[in-house]
Amino acid sequence: MAIGSTGDDVGMAAAGGRPGGKDYDVHVLADGSALTGVWANDTEVVVSEHEITVDCFRVDFGDQRPTPRAVLVARVAMSPIAAGRLVDKLERCLLLYTQSEIDREVPGDGEAQDPADS
């Protein structure tokens, strides 16, 4: 996946989905503002005939209004093929995250660990 800019070199990244189904590596470049990223705690997805748009929001749950305020922090439009690859990658990452959380909570003998014993 290539992010073209004149900024900092962020190294190599694996990408997939090249015609013929072959994976490939690309050199990723990003400027400083892209490297800082954004924080989102909610998303909305809009689907059209040719693209899928993911809106990322930061919702202020401390807001005392009946409907809390939210700020759009990122919008990404992509092809359905790219969205499918993103879903596959997210599923793998969430599976690894879930497994690491289980490994952290369960000691080697299989019994649940009491947090007070930590």
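Structure: above.
Structure report, in brief. These figures come from a predicted structure and were not determined experimentally.

A word on the pattern of salt bridges
Thinking step 1. As enumerated under the stated definition, the model contains two salt bridges in all.
Thinking step 2. Between Arg 75 and Asp 55 there is a salt bridge, with its nearest N and O atoms 2.5 Å apart. In this pair, Arg 75 is assigned in strand β5 (residues 70–78) and Asp 55 in strand β4 (residues 52–59), connecting sequence segments 20 residues apart.
Thinking step 3. For Arg 65, the salt bridge goes to Asp 63, with nearest N and O atoms at 2.8 Å.

Considering the side chain of Asp 63
Thinking step 1. As for its placement among the helices and strands, Asp 63 is situated in the loop between β4 and β5.
Thinking step 2. Separated by 2.8 Å, the side chains of Asp 63 and Arg 65 make a polar contact.
Thinking step 3. Within the structure, Asp 63 has its side chain in polar contact with the backbone nitrogen of Arg 69 (distance 3.2 Å).
Thinking step 4. Beyond its immediate sequence surroundings of up to four residues, Asp 63 is in contact with Pro 68 and Arg 69.

Quick word on the sheet that holds β4
Thinking step 1. Strand order across the open sheet formed by three strands is β3-β4-β5, with antiparallel pairing between neighbours. What marks the edges here is a single partner per strand, and that holds for β3 (42–47) and β5. Direction aside, neighbouring strands of the sheet carry axes that sit 20 degrees apart on average.
Thinking step 2. Relative to β4, β3 runs antiparallel, the two sharing six bridges. Looking at β4, one finds that Val 47 is bridged to Ile 52.
Thinking step 3. Its contacts with the sheet place helix α2 (residues 80–105) against β4 and β5, and it is angled at close to 115 degrees to β5.

Criteria and cut-off values
- Residues numbered from 1 in each chain as written.
- Predicted model: local features only at pLDDT ≥ 70, side-chain atom pairs only at ≥ 80, totals over all residues.
- Heavy atoms only, no water.
- Salt bridge = Lys/Arg side-chain N within 4 Å of Asp/Glu carboxyl O.
- Helix = DSSP H or I, 4+ residues; strand = E, 2+ residues; numbered from the N terminus.
- Polar contact = N/O pair within 3.5 Å; in protein donor to acceptor, adjacent residues only side chain to side chain.
- Contact = heavy atoms within 4.5 Å.
- Pairing = 2+ DSSP bridges.
- Axes fitted to C-alpha atoms, helices over the stretch in contact; angles between N-to-C directions.

Fair warning: the whole summary comes from geometry, so function is off the table for now.
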